[in-house]
Amino acid sequence: VQLQAFGGGLVQAGGSLRLSCAASGSIFSINAMGWYRQAPGKQRELVAAITSAGSTHYADSVKGRFTLSRDNAKNTVYLQMNSLKPEDTAVYYCNADLFDGSSWYDYWGQGTEVTVSS
C-alpha cells in the first residue's frame, strides 16, 4: 500500500493551494483519511479528516479556510487550502486508516511541504 501526496509549494499569504493524496496497492477498505502537518520544532497535528461516509473534522485553526473532500472510487482525498497564513507553513502528511486484507493499519504518505510567505 502506498499513499502519494501532491500539491505542496510556495505561496503568498492569502493565497490558495490544493493538496491531493491517492492510496494505491492492496486496499480492501478505507475508513478515515486525512491530513496532518508538522511545523519546524512542533509536534505533528491533525489538520482535517474525513470518514468514508463523508463526515469531516477540522482543526479550529483551519475551519472556514480549508475544505477536505474525498473520492472513494479513486481512494483519493483533496485538501483545498484558502486564505493561507504564514502559520500554515509546515510539512503536510496524508494519512489513511486502511484494511489491506490482513489488518487495519494507519498508513502515511511521504509528506509535501507548504510554505506561506508573509
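For the structure itself, look to the data block above.
Note that the structure is a prediction, hence the values are computed from the model and not measured.

**Topic: the nonpolar core**
- W35, V47, F66, L68, L79, M81 and Y92 are the most contacted members of the largest nonpolar core, which has 31 residues in total.
- Those elements that place two or more of their residues in this core are β1 (2-6), β3 (17-24), β4 (29-38), β5 (45-50), β7 (66-71), β8 (76-81), β9 (90-99) and β11 (112-117).
- The element contributing the most residues to this core is β9, with five residues.
- When neighbours within four sequence positions are excluded, M81 is seen to be in contact with G15, S16, L17, L19, R65, F66, Y92 and V114.

**Focus: the state of the cysteines**
- In the structure shown here, the tally under the stated rule is one disulfide.
- What pairs with C21 in a disulfide is C94, and their sulfur atoms sit 2.1 Å apart. Around the S-S axis, the bridge from C21 to C94 shows a dihedral of about 55° and counts as right-handed. Of this pair, C21 sits in strand β3 while C94 is found in strand β9, placing the two residues 73 residues apart along the sequence. Side by side, C21 and C94 carry an identical accessibility label, which is buried.

**Regarding the sheet that holds β3**
- The four strands are arranged β1-β3-β8-β7 in an open sheet whose pairing can be described as antiparallel. The open sheet has two edge strands, β1 and β7, and neither has a second partner. Taking the axes of each pair of neighbouring strands and ignoring which way they run, one obtains an average angle of 15° across the sheet.
- Here β1 runs beside β3; their pairing, made up of five bridges, is antiparallel. Bridge assignment links Q4 to a residue of β3, and that residue is A22.

**Here we look at the packing of aromatic side chains**
- Scanning all chains against the criterion turns up four aromatic pairs.
- For the pair F99 and W104, a centre-to-centre distance of 5.6 Å together with 40° between the ring planes defines the contact as tilted.
- By relative accessible area, F99 is classed as partly exposed at 24%.
- When the centroid spacing of 5.3 Å and the interplanar angle of 75° are considered together, the rings of Y105 and Y107 count as edge-to-face.
- Judged by relative accessible area, which is 51%, Y105 ranks as exposed.
- One aromatic cluster is present, formed by F28, F99 and W104 through successive ring pairs.
- The cationic tip of R44 hangs over the ring face of Y93; the distance from NZ or CZ to the ring centre is 3.8 Å.
- The ring of W108 is capped by R44, whose NZ or CZ atom sits 4.7 Å from the centre of that ring.

Reading the values: the criteria
Residues numbered from 1 in each chain as written. Predicted model: local features only at pLDDT ≥ 70, side-chain atom pairs only at ≥ 80, totals over all residues. Heavy atoms only, no water. Core = buried A, V, L, I, M, F, W, Y, C linked by side-chain atoms within 4.5 Å. Buried < 20%, exposed > 50% of the residue type's maximum accessible area, 1.4 Å probe, protein only. Helix = DSSP H or I, 4+ residues; strand = E, 2+ residues; numbered from the N terminus. Contact = heavy atoms within 4.5 Å. Disulfide = S-S within 2.5 Å. Pairing = 2+ DSSP bridges. Axes fitted to C-alpha atoms, helices over the stretch in contact; angles between N-to-C directions. Phe/Tyr/Trp six-rings, centres within 6.5 Å; stacked < 30°, edge-to-face > 60°. Lys NZ or Arg CZ within 6 Å of the ring centre and 35° of its normal.

Purely geometric stuff here, so don't read any function into it on its own.
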